[in-house]
Number of protein chains: 2
Amino acid sequence: MTMEIRIMKNILDRNQNKADEVRNLLREKGVKMVNIISSPGAGKTTLLERTCEALGGKFSIGIIEGDVTTDRDAQRLKKYDIPIVVINTERGCHLDSHSISKALAVFDLDSLDILFVENVGNLICPSSFDLGEAFKLAVVSTAEGDDKPAKYPLLFSEARAVILNKTDLIPYTDFNIEAFIKDLSAINPRVPLFRISATKGDGLPGWFEWLEYQIKSSPAG
Amino acid sequence: MTMEIRIMKNILDRNQNKADEVRNLLREKGVKMVNIISSPGAGKTTLLERTCEALGGKFSIGIIEGDVTTDRDAQRLKKYDIPIVVINTERGCHLDSHSISKALAVFDLDSLDILFVENVGNLICPSSFDLGEAFKLAVVSTAEGDDKPAKYPLLFSEARAVILNKTDLIPYTDFNIEAFIKDLSAINPRVPLFRISATKGDGLPGWFEWLEYQIKSSPAG
């Protein structure tokens, strides 16, 4: 067991070194990288579709698509005519900074404003691997239940913003918004929460406005 | 990279050896172990609640609850007065056979018929780690979208049965049942598919009947 902990520490250390390199490079180039983390099917790709439609005219957007084995999400995003790189992790359950670093070589970083990374659908390991992003975005669907912040505290404590998606399904589920907010506030008291339906369009303007502010104001990386 | 692949192979080999031990022990004791794998919030715990209610009078049931950090799912199952062991994986994204082996020591295996393992909410790594189970059960919610079999083929190819939960939400989503079945059939052509709503009760009798048949007829493990 001690050996495994040491191996894990080595892997995380090597990941951190490369993530620092990536962050420096992106700061130099003025590119904001957003690491989007959620369960499978929480709506990351649909959120990216809406965001490309709303902000594609104002900013130069790129996307890195993390997927175990297919390029299905990338296929859905092709229509926006933006640069997309797919990273297939095969049996790997998260992206790491080494694969991001390789993917960056494919982009023209001088012309990019924002780079979205759609991480592999998983609430656990992606939270432990810094990719060199400017910030992490947690996306959770109401259909997953209101207990996710309490059950996956690392992600929700690290996220700079939380998107609660599929609010249109609340009437048909036992999702309790007060319980969700209570647990989230205990973990990350001041984190902005956007309640949206990416398919119906509800709540999206607030998200776009916040994101635009982040692109313009916070340090790159 | 070669080093990491070797380390991963060693970890999987050690896991397999212990899984074989676990399987032999459970066969000897006549206990069927079911490894339940799904995304976070697909409905594993609610399915277990309904299953305990339906089959608790006929069979002696035990549960191992895999969770990153809390015992919330175990708290929900306490009311059935059955033996439950919680395994907190901390930052780990899957259960392994070593932790299962330790948990088994807490049960009176001679008196158990069936042991459900609620794995950590994750579609990826749990599929790679044999726990010594009789079979794997894949649970997926309609709210996650119809593309999950294609995107996570290892789980769906290894599952002895697939439960499609939250069918009551289909009218409010763009879930396409034909697309789902087509992808699933390409990966695992003869796998039984149970379309259920664990909260509303739809489709559960077919699942109970099939499970009862498995408990009585297939080899233990």
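Residues numbered from 1 in each chain as written. Chains lettered and ligands numbered in written order. Predicted model: local features only at pLDDT ≥ 70, side-chain atom pairs only at ≥ 80, totals over all residues. Heavy atoms only, no water.

A. Examining the overall build of chain A more closely. A count of helical and extended segments in chain A gives eight helices and seven strands. Since a compact globule built from 221 residues should have a radius of gyration of about 17 Å, the 17 Å found for chain A is in line with a globular shape. Overall size of chain A, expressed as C-alpha extent along the three principal axes, is 50 × 45 × 35 Å. Here chain A holds 221 residues, and 58% of them are scored as buried. Contacts spanning at least 24 positions in sequence make up 75% of the contacts within chain A whose residues lie at least 6 apart. Carbon and sulfur atoms provide 50% of the accessible area of chain A, an area that totals close to 9100 Å². Each charge sign in chain A was given a centre, from 27 positive and 31 negative side chains, and these centres are 2 Å apart. (Helix = DSSP H or I, 4+ residues; strand = E, 2+ residues; numbered from the N terminus. Rg over C-alpha atoms; globule rule 2.2 N^0.38 Å. Buried < 20%, exposed > 50% of the residue type's maximum accessible area, 1.4 Å probe, protein only. Contact = heavy atoms within 4.5 Å. Areas by Shrake-Rupley, 256 points an atom, 1.4 Å probe, with all protein chains shown as cover. Lys, Arg positive; Asp, Glu negative; His and termini not counted. Charge placed at Lys NZ, Arg CZ, Asp CG, Glu CD.)

B. Focus on the layout of surface pockets. What the largest pocket holds in volume is close to 2000 Å³. Taken together, 49 residues make up the lining of the largest pocket; nearest its centre are Met8 and Ile11 of chain A together with Met8, Ile11 and His94 of chain B. Listing elements by their share of the lining of the largest pocket, those giving two or more residues are α1 (2-29), β3 (84-88) and α4 (97-104) of chain A together with α1 (2-29), β3 (84-88) and α4 (97-104) of chain B. When the residues that make up the lining of the largest pocket are grouped by side-chain class, the tally is 22 nonpolar, 16 polar and eleven charged. (1 Å grid on protein atoms, 1.4 Å probe; cavity = no way out; pocket = protein on both sides within 12 Å on 5 of 7 lines; lining within 4 Å. Points joined across faces, edges and corners; volume = space filled by probe spheres on them. Nonpolar A, V, L, I, M, F, W, Y, C, P; charged D, E, K, R; others polar.)

C. Focus on empty space enclosed by the protein. Under the counting rule described, the total for this entry stands at one cavity of 30 Å³ or more. Computed from the structure, the largest cavity encloses a volume of approximately 50 Å³. Forming the boundary of the largest cavity are 14 residues, of which Ser141 and Glu144 of chain A together with Ser141, Ala143 and Glu144 of chain B lie nearest the centre. Of the residues assigned to the lining of the largest cavity, the class counts are six nonpolar, four polar and four charged.

D. Just the side chain of Asp147 of chain B, in detail. Position of Asp147 of chain B among the secondary structure elements: in the loop between β5 (135-141) and α5 (148-151). Those residues in contact with Asp147 of chain B that lie beyond four places of it in its chain are Arg72 and Asp73 of chain A.

E. Main features of the sheet that holds β3 of chain A. Residues and elements named next belong to chain A. Strands sit in the order β3-β2-β4-β1-β5-β6-β7 across an open sheet of seven strands; the sheet is parallel. Looking at strand neighbours, the two that pair on one side only are β3 and β7 (193-195), the edges of this open sheet. Each strand axis lies, on average, 20° off the axis of its neighbour in the sheet, ignoring direction. Alignment of strand β2 (residues 61-67) against β3, held across five bridges, turns out to be parallel. Bridge pairing in β3 places Asp67 opposite Asn88. Where α4 meets the sheet, its contacts fall on β1 (32-38), β2, β3 and β4 (114-118), and the angle it forms with β3 comes to roughly 150°. Helix α7 (residues 177-187) rests against β5 (135-141), β6 (161-165) and β7 of the sheet, and its axis sits at about 160° to β7. (Pairing = 2+ DSSP bridges. Axes fitted to C-alpha atoms, helices over the stretch in contact; angles between N-to-C directions.)

F. Focus on the interface of chain B and chain A. Between chain B and chain A, the contact holds 38 residues from the first and 38 residues from the second. Approximately 3200 Å² of surface area, both sides summed, lies buried where chain B meets chain A, with 58% of it carried by carbon and sulfur atoms. Counting the contacts that link chain B with chain A gives six salt bridges. Between Lys151 of chain A and Asp73 of chain B there is a salt bridge, with its nearest N and O atoms 2.7 Å apart. Those elements giving two or more residues to the side of chain B that touches chain A turn out to be α1, α3 (72-77), α5 and α6 (153-158) of chain B. Among the elements that line the side of chain B that touches chain A, the one with the most residues is α1 of chain B, at four residues. Looking at the side of chain B that touches chain A residue by residue, the class counts come to 16 nonpolar, nine polar and 13 charged. (Buried area = accessible area lost by both parts, 1.4 Å probe. Salt bridge = Lys/Arg side-chain N within 4 Å of Asp/Glu carboxyl O.)

G. Structural detail: the relation of the copies chain B and chain A. Overlaying chain B with chain A gives an RMSD of 0.0 Å, the required rotation being 180° about an axis along which the chain moves by 0.0 Å. The operation mapping one copy onto its partner corresponds to a two-fold rotation axis. By residue overlap, the copies meet face to face through one surface: 100% of the interface positions of chain B are interface positions in chain A. (Least-squares fit on C-alpha atoms with pLDDT ≥ 70 in both.)

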